[in-house]
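Take a look at the letters that make up each chain.
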Amino acid sequence: MTGIKAQDAIALLKEDHRTVARLFKEFESAKGDDRKEKLARQICLELSIHTAIEEEIFYPACQGTVDEDLLKETYVEHDAAKLLMAEIEAGSEKCDEFFDSKVKVLQEEIEHHVEEEEKPGGLFAQARKGKMDLDSLGEKLAARKKELTGSYKATGLPEPELTTMEEVSV
Ligand SMILES: [Fe+2]
C-alpha cells in the first residue's frame, strides 16, 4: 500500500453518488423513527456537500466543455433537491406525515441526477473528453469537501441557496 491515492474529480463525485445511494438503501429497510431520522440527516449532509462542491467548483470548470443545456438542467435539479432537503431537515408536523415520501422522492431525483452525470455521453463523459485538469480539480473538490463537512457538522446545514429559482410562496 502506498497510502491514499488522490482521486480525480470524476472519481470523487462518483464515490459521493455511491455513498448516498447506499444511505438511501439503508433508509428503505430502516425501522423506527429515530433510525430513519438519523439516516435522513446523513443523506442531507452528504448531498448538501456534494451539490455545493459541484456547483462551486466542478460545474463552473465544465463551462465551455460540457453541453450548456445539460449543465443548466443539473443546476435546476440541484435546486429541486435542495428544497426537498430543507423540508426533510425542518421536520414539521406535515413533514412527519410525508417524511418517508419526501425521502423517496429525493432518492428518485438523485437517481436521475446520477444517471444524467454518469450515463454514456452524459456530463462526466463529456468532461472526460475535454481538456479539463481533472486531477487538480479533484484536489480542489476534496479540500472544499473537507472544509464543508467540518462546518456543516459544527453548525448544521445552511438555508438552501437556490441558483435557478426565485423564492416563491404558494
Ligand atoms: Fe453529482
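Predicted, not measured: the structure shown is a model, and the values here were computed from it.

S.K.: Run through the overall build of the protein chain, naming residues and quoting values.
M.R.: On a plain count of helices and strands, the protein chain comes out with six helices and zero strands. On C-alpha atoms alone, the protein chain measures out to a radius of gyration of 16 Å, which is about the 15 Å that the 2.2 N^0.38 rule sets for 170 residues. Looking at the protein chain residue by residue over its 170 residues, the buried ones come to 40%. Long-range pairs, those at least 24 residues apart, make up 77% of the contacts in the protein chain with a sequence separation of at least 6. When the accessible surface of the protein chain is summed, it comes to about 10300 Å², and 51% of that surface belongs to carbon and sulfur atoms.

S.K.: Got a sec to walk through the coordination of the iron ion? Specific residues and values, please.
M.R.: Each pair of donors in an ideal four-coordinate tetrahedral metal site encloses 109.5 degrees, whereas pairs in an ideal six-coordinate octahedral site enclose 90 or 180 degrees. For the iron ion, the full set of protein donor atoms is His-17 (NE2), His-50 (NE2), Glu-54 (OE), His-113 (NE2) and Glu-117 (OE), at a range of 2.1 to 2.3 Å. Counting gaps between the donor residues of the iron ion yields the pattern H-x32-H-x3-E-x58-H-x3-E. In this pair, His-50 and Glu-54 are both assigned in helix α2 (residues 33-62), four residues apart and thus about one turn of the helix distant. A relative accessible area of 2% places His-50 in the buried class.

S.K.: Let's hear about the environment of Asp-133: which residues, and what values?
M.R.: As for its placement among the helices and strands, Asp-133 is situated in the loop between α5 (123-129) and α6 (134-155). Judged by its relative accessible area of 46%, Asp-133 is partly exposed. Measuring from C-alpha to C-alpha, the distance between Asp-133 and Asp-8 comes to 8.8 Å, with 125 residues separating the pair along the chain. Here Ser-136 takes part through its backbone nitrogen, which lies 3.2 Å from a polar atom of the side chain of Asp-133.

S.K.: Outline the pattern of salt bridges, listing residues and values.
M.R.: The tally for this structure, following the rule as stated, stands at 15 salt bridges. Ionic pairing is found between Lys-82 and Asp-79, a salt bridge with its closest N-O pair at 3.1 Å. Taken together, the positions of Lys-82 and Asp-79, both in helix α3 (residues 68-90) and three residues apart, correspond to about one turn of that helix. Neither Lys-82 nor Asp-79 differs from the other in exposure class; each is buried. The closest approach of N and O atoms between Glu-116 and Lys-119, which form a salt bridge, is 3.5 Å.

S.K.: Would you mind going over a negative patch on the surface in detail, with residue names and values included?
M.R.: A cluster of acidic side chains, namely Asp-67, Glu-68, Asp-69 and Glu-73, defines a negative patch on the protein surface. Judged by its relative accessible area of 52%, Glu-68 falls in the exposed class.

S.K.: Tell me about the packing of helix α1 (residues 9-29) against α2, residues and numbers included.
M.R.: One can describe the packing of α1 onto α2 by two numbers: an axis separation of 10 Å at closest approach and a directional angle of 160 degrees. Considering their axes alone, α1 and α2 lie roughly antiparallel with respect to each other. At the point where α1 passes α2, the crossing takes the left-handed sense. The residues of α2 that touch α1, namely those facing Ala-9, Ile-10, Leu-12, Leu-13, Asp-16, His-17, Thr-19, Val-20, Leu-23, Phe-24, Glu-26 and Phe-27, are Arg-35, Lys-36, Leu-39, Ala-40, Gln-42, Ile-43, Glu-46, Leu-47, His-50, Ile-53, Glu-54 and Phe-58. Grouping the constituent residues of the contact of α1 with α2 by class yields 14 nonpolar, four polar and six charged.

S.K.: How would you sum up the packing of aromatic side chains? Please name residues and give values.
M.R.: A complete count under the given rule lists four aromatic pairs for this structure. An angle of 80 degrees between the planes, with centres 5.8 Å apart, marks the rings of Phe-58 and Phe-124 as edge-to-face. Of this pair, Phe-58 sits in helix α2 while Phe-124 sits in helix α5, placing them 66 residues apart in sequence. As far as the burial class goes, Phe-58 and Phe-124 line up, both buried. Relative to Tyr-75, the ring of Tyr-59 lies with its centre 5.3 Å away and its plane at 75 degrees, an arrangement referred to as edge-to-face. Here the residue Tyr-59 occupies a position in helix α2, and Tyr-75 occupies one in helix α3, the gap between them amounting to 16 residues. According to the relative accessible area criterion, Tyr-59 is buried, its value standing at 0%.

Calculation rules
- Counting from 1, residues in each chain are numbered in the order their sequence is written.
- Local features in a predicted model are, by the rule used here, given only for residues with pLDDT of at least 70; side-chain atom pairs are given and counted only at 80 or more, and totals for whole chains, interfaces and linings are based on all residues.
- Note: side-chain values were computed over all heavy atoms of the structure, leaving out hydrogens and water.
- Counting from the N terminus, the helices are the DSSP runs of H or I reaching at least four residues and the strands are the DSSP runs of E reaching at least two.
- Our radius of gyration looks at C-alpha atoms and nothing else; its globule reference is 2.2 Å times the residue count to the power 0.38.
- Throughout this description, buried means an accessible area under 20% of the type-specific maximum (1.4 Å probe, protein chains only), exposed means over 50%, and partly exposed covers the range between.
- Contact definition: two residues touch when any of their heavy atoms are within 4.5 Å.
- Methods summary: accessible areas were calculated by the Shrake-Rupley approach with a probe of 1.4 Å, and residue burial reflects only the protein chains presented.
- Here a donor is any nitrogen, oxygen or sulfur atom (N, O, S) within 2.8 Å of the metal, with 3.2 Å used for Na, K and Ca; water is not among the atoms considered, so some sites may look incomplete.
- Throughout this description, a polar contact denotes any pair of N or O atoms lying within 3.5 Å of each other; where both atoms belong to protein, one of them has to be capable of donating a hydrogen while the other can accept it, and for residues adjacent in sequence the pair is counted only when both atoms sit in side chains.
- Each reported salt bridge corresponds to a side-chain nitrogen of Lys or Arg within 4 Å of a carboxyl oxygen of Asp or Glu.
- Residues enter patches when they are more than 30% accessible in relative terms and free of salt bridges; like-charged ones are connected within 9 Å and nonpolar ones (Val, Leu, Ile, Met, Phe, Trp, Tyr) within 5 Å.
- Charge assignment: positive for Lys and Arg, negative for Asp and Glu; neither His nor the chain ends contribute.
- Charged side chains are reduced to one point each, which is NZ for Lys, CZ for Arg, CG for Asp and CD for Glu.
- The angle between two axes is taken between their N-to-C directions and runs from 0 to 180 degrees, where each axis is a line fitted to C-alpha atoms and a helix contributes only its stretch in contact.
- If an angle is under 35 degrees, it is roughly parallel; if it is over 145, roughly antiparallel; if it lies from 65 to 115, roughly perpendicular; otherwise it is oblique.
- Each helix crossing is assigned a hand: it is left-handed if the near helix lies turned anticlockwise from the far helix by less than a right angle, otherwise right-handed if that turn is clockwise.
- Each residue receives one of three labels: charged for Asp, Glu, Lys and Arg, nonpolar for Ala, Val, Leu, Ile, Met, Phe, Trp, Tyr, Cys and Pro, and polar for the others, Gly being one of them.
- Here a Phe, Tyr or Trp ring, Trp counted by its six-membered ring, pairs with any other such ring whose centre lies within 6.5 Å, and the pair is stacked when the planes are under 30 degrees apart, edge-to-face when over 60, and tilted otherwise.

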